[in-house]
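Each chain, written out:
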Amino acid sequence: MDFRTLLLTFLALCPALSAQTVKEIVLTIDASTKVAWTDANYICATIDWWPKEKCNYKQCPWGSASIINLDLTHPYLENAIRAFKGLRLRLGGSLQDQVIYGIGNLKSPCSPFTQQKDGLFGFSKGCLPMQRWDELNNLFKKTGALVTFGLNALYGRQPTNRHAWVGNWDSSNALDFIKYTVAKGYQINSWEFGNELSGSGIGASVDAAQYGKDVIQLHNLLNQVYENTPIRPLLLAPGGFYDPGWFGKLLQVSGRGTVNVLTHHIYNLGPGSDSKLVDKILNPEYLSRTEGTFSSLTQTILRNGPWASAWVGESGGAFNSGGPDVSNAFVDSFWYLDQLGMAAKHHTKVYCRQTLIGGNYGLLDTDTFVPNPDYYSALLWNRLMGKVVLGVVNSAAPHLRTYAHCTKDRAGVTLLLINLSTQIQYKVNIHPTAETSLQVGEKQDHNKKSFTRSIKESVSWVGTKSSDVTLSREEYHLTPEGGNIKSRTMLLNGKLLRLTETGDIPNLSPLLTNLNSPISIEPLSIKFIVFPNFNTPSCR
């Protein structure tokens with residue numbers, strides 16, 4: 001552990017030292033204009049193909065978390081998915097383009113992945129038996145998951161050198177698989193073509209013009225198979241790292257309406273072995289660099305395929321299975337929630353986290369299935385942040401990351417505050433630019449010893465209308481257990497978040513606070529604030 005990481009951890013463990021500085025700023029929430037909007041089911045998580053033999057940096061953190069061997073009957077798994085009431089699950093990953101489907105006239109036996117020195121990513125081809133596909137779909141149906149399945153886009157091609165693969169895609173195995181899926185009545189929300197084959201590729205690459213021709217073939221195939229079904233799934237591509245020229249050419253060659261969604265991958269924190277992961281996560285300038293990727297992708301779509309939307313198809317922060325004691329710890333939520341907010345602001349409709357389970361970056365612990373801190377961050381986002389993205393102007397405090405959305409499924413505005421500072425508590429005046437109407441409802445009981453009254457800093461609410469009647473806001477304050485940002489346990493309003501005795505997800509209850517009472521955001525903490533009485537035309 002480097003000196004800076006030791007210092008940050010020490011400060012996090014010593015609130016008395018880290019809370020010595022007060023800074024007063026103004027946030028302006030522009031609720032008069034919709035900056036962007038997301039899909040109603042914005043939160044997504046992946047399930048990968050990696051077998052237990054997948055190792056990086058002298059560690060093998062995958063266990064039995066693969067699409068092939070995951071315990072689908074584990075009650076924690078079912079409860080974790082069901083809690084989102086429509087969690088998107090993307091099935092795919094690096095070995096996706098080596099998967100054959102156990103149906104039809106196979107050219108090879110339906111065998112699992114095995115280690116193979118000269119194989120792509122060090123593994124042989126693997127097979128998905130239809131019995132396993134049946135079991136997976138049983139889980140999806142029980143939990144209400146929305147499924148994206150990544151298809152093998154290298155089937156039938158041949159490698160010419162270390163990375164480039166040529167030839168037309170052989171769709172025969174995929175066609176048999178999709179026909180089977182439709183015949184069984186399995187509801188697939190979207191089919192994705194390939195994994196990380198764009199640009200120079202990761203392990204393998206395919207030319208953009210060829211890729212465009214192949215997605216036309218897949219588009220026609222889906223039209224054929226789903227001809228007599230009421231709902232046609234979306235076609236997603238390319239599931240790779242953003243390359244402006246390559247992505248633009250894909251849209252040009254495939255043509256209007258072929259690709260519904262451009263999916264791209266982001267691992268902006270670098271390798272999971274990096275000793276400076278915590279430094280990067282707490283550096284606002286570093287986090288903001290990814291904004292250029294989102295902005296550029298938006299322009300690529302507008303110029304070449306305005307019929308398509310953008311999804312983050314895979315993002316785990318640190319690649320190669322994530323960073324141990326970072327990607328599965330409280331500190332990771334600073335990066336994760338910040339990128340959820342940033343992506344939404346730049347017209348991203350869906351954001352898929354690598355992974356639901358598996359590696360060090362799983363929302364659930366690979367061995368115990370117990371939720372890691374990022375699971376609760378994702379669940380709170382899912383329950384509080386609605387589709388409509390609002391503008392927030394915050395030019396005075398770079399370490400205070402701020403995002404605002406219309407509140408999900410009810411009136412009001414939800415503000416997300418992420419305090420990356422190790423020492424500063426922020427005093428903030430919040431100014432809405434649109435006309436604000438404070439609707440008076442039934443009087444509610446308030447906690448007289450609320451968290452916000454116990455600390456120094458305050459946030460005052462300044463609106464265009466006032467009311468003498470007591471109103472409430474909701475606060476969801478996230479902190480690490482013991483003040484240690486590398487803790488695997490998260491506190492909500494000072495209470496430990498852990499599964500119930502029956503393995504259910506705990507209640508994520510807010511602290512109800514007088515609307516005009518002080519609000520604060522402590523150093524190295526996160527807070528969702530719901531203003532249910534903040535009514536604006538953008539949120540109706």
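Each chain has its residues counted from 1, following the order in which its sequence is written. For a predicted model such as this one, the threshold for reporting local features is a pLDDT of at least 70, and the threshold for listing and counting side-chain atom pairs is 80 or more; totals across whole chains, interfaces and linings nevertheless cover every residue. Computation of side-chain values covers all heavy atoms of the structure but excludes hydrogens and water.

Keep this limit in mind: UniProt positions are given in the numbering used here, feature names are shortened, and annotations may be inferred rather than shown by experiment.
The chain is annotated in an unreviewed UniProt entry as Heparanase-like protein 1 from Solanum bulbocastanum. As its UniProt record puts it under Function (unreviewed entry), the chain is described as follows: "Endoglycosidase which is a cell surface and extracellular matrix-degrading enzyme. Cleaves heparan sulfate proteoglycans (HSPGs) into heparan sulfate side chains and core proteoglycans."

**Focus on the overall build of the chain**
Here is the rule we go by: Secondary structure elements are taken from DSSP: a helix is a run of H or I of four residues or more, a strand is a run of E of two residues or more, and numbering for both begins at the N terminus. Exposed residues in this analysis have more than 50% of their type's maximum accessible area, buried residues have under 20%, and partly exposed residues fall in between, with area computed by a 1.4 Å probe over protein chains only. Residues count as neighbours in contact if any of their non-hydrogen atoms are within 4.5 Å of one another. Note that accessible areas follow from Shrake-Rupley with a 1.4 Å probe, and for residues the cover is restricted to the protein chains shown.
The helix and strand inventory of the chain stands at twelve helices and 26 strands. The buried share of the chain, taken over its 540 residues, is 61%. Taking as baseline every contact in the chain between residues at least 6 positions apart, the subset at least 24 positions apart corresponds to 78%. Accessible surface, the chain as shown: approximately 21,300 Å² in total, 50% of it carbon and sulfur.

**Here we look at the state of the cysteines**
What we call a disulfide is simply a covalent bond connecting the sulfur atoms of a pair of cysteines. Note the cut-off: Cysteine sulfur atoms that come within 2.5 Å of each other are treated as a disulfide pair.
In this structure the tally under the stated criterion is four disulfides. A sulfur-sulfur separation of 2.2 Å characterises the disulfide bridge that pairs cysteine 44 with cysteine 352. Given an S-S torsion of about 85 degrees, the disulfide between cysteine 44 and cysteine 352 has right-handed geometry. One end of the pair, cysteine 44, is in strand S3 (residues 43-47); the other, cysteine 352, is in strand S16 (residues 348-353), with 308 residues separating them in the sequence. Taking relative accessible area as the criterion, cysteine 44 reaches 1% and is therefore assigned buried. Using a relative accessible area of 2% as the deciding quantity, one classes cysteine 352 as buried. In this model, cysteine 406 is linked to cysteine 539 through a disulfide, with the two sulfur atoms separated by 2.0 Å. Classification of the bridge connecting cysteine 406 and cysteine 539 rests on its S-S torsion, roughly -80 degrees, and on that basis the disulfide is left-handed. Of this pair, cysteine 406 sits in strand S18 (residues 400-407) while cysteine 539 sits in the segment after strand S26 (525-531), and the two are 133 residues apart along the sequence.

**Comments concerning unusual backbone geometry**
Proline 238 follows alanine 237 through a cis peptide bond whose omega is 0 degrees. Tracing the backbone through its elements, the reader meets proline 238 in strand S11 (residues 234-241). Looking along the chain, the bond that leaves glutamine 354 and enters threonine 355 is cis, with omega of 5 degrees. Looking at where threonine 355 falls in the secondary structure, it is placed in the loop between S16 and helix H12 (373-384). Backbone geometry places tyrosine 57, a non-glycine residue, at a positive phi of 55 degrees. When you line up the elements, tyrosine 57 lands in the loop between S3 and helix H3 (75-82). A relative accessible area of 34% places tyrosine 57 in the partly exposed class.

**Focus on the environment of isoleucine 25**
Among the structural elements, isoleucine 25 can be located in strand S1 (residues 21-30). Assessed through its relative accessible area of 3%, isoleucine 25 is described here as buried. As for isoleucine 25 and alanine 397, which are separated by 372 residues in sequence, their C-alpha atoms are 7.1 Å apart. Setting aside its immediate chain neighbours within four residues, isoleucine 25 contacts Asn394, Ala396, Ala397, Leu400, Tyr426, Lys427, Val428 and Asn429.

**Describing helix H6 (residues 208-225)**
The test is simple: Multiplying 1.5 Å by the residue count of a helix minus one yields the expected span of that helix. Polar contacts, as used here, are pairs of N or O atoms within 3.5 Å; protein pairs need one atom able to donate a hydrogen and one able to accept it. Residues neighboring in sequence count only if both atoms are side-chain atoms.
Compared with the 26 Å implied by 1.5 Å per residue over 18 residues, the 25 Å span of H6 between its first and last C-alpha is a close match. Along H6, the residues that are buried comprise Ala208, Ala209, Gln210, Tyr211, Gly212, Asp214, Val215, Leu218, His219, Leu221, Leu222 and Val225. Looking at the buried side of H6, the elements it contacts are strand S7 (146-151), helix H5 (172-183), strand S10 (190-193), S11 and helix H7 (244-254). Here H6 starts with a cap whose side-chain oxygen sits 3.0 Å from the backbone nitrogen of alanine 209, and that cap is aspartate 207.

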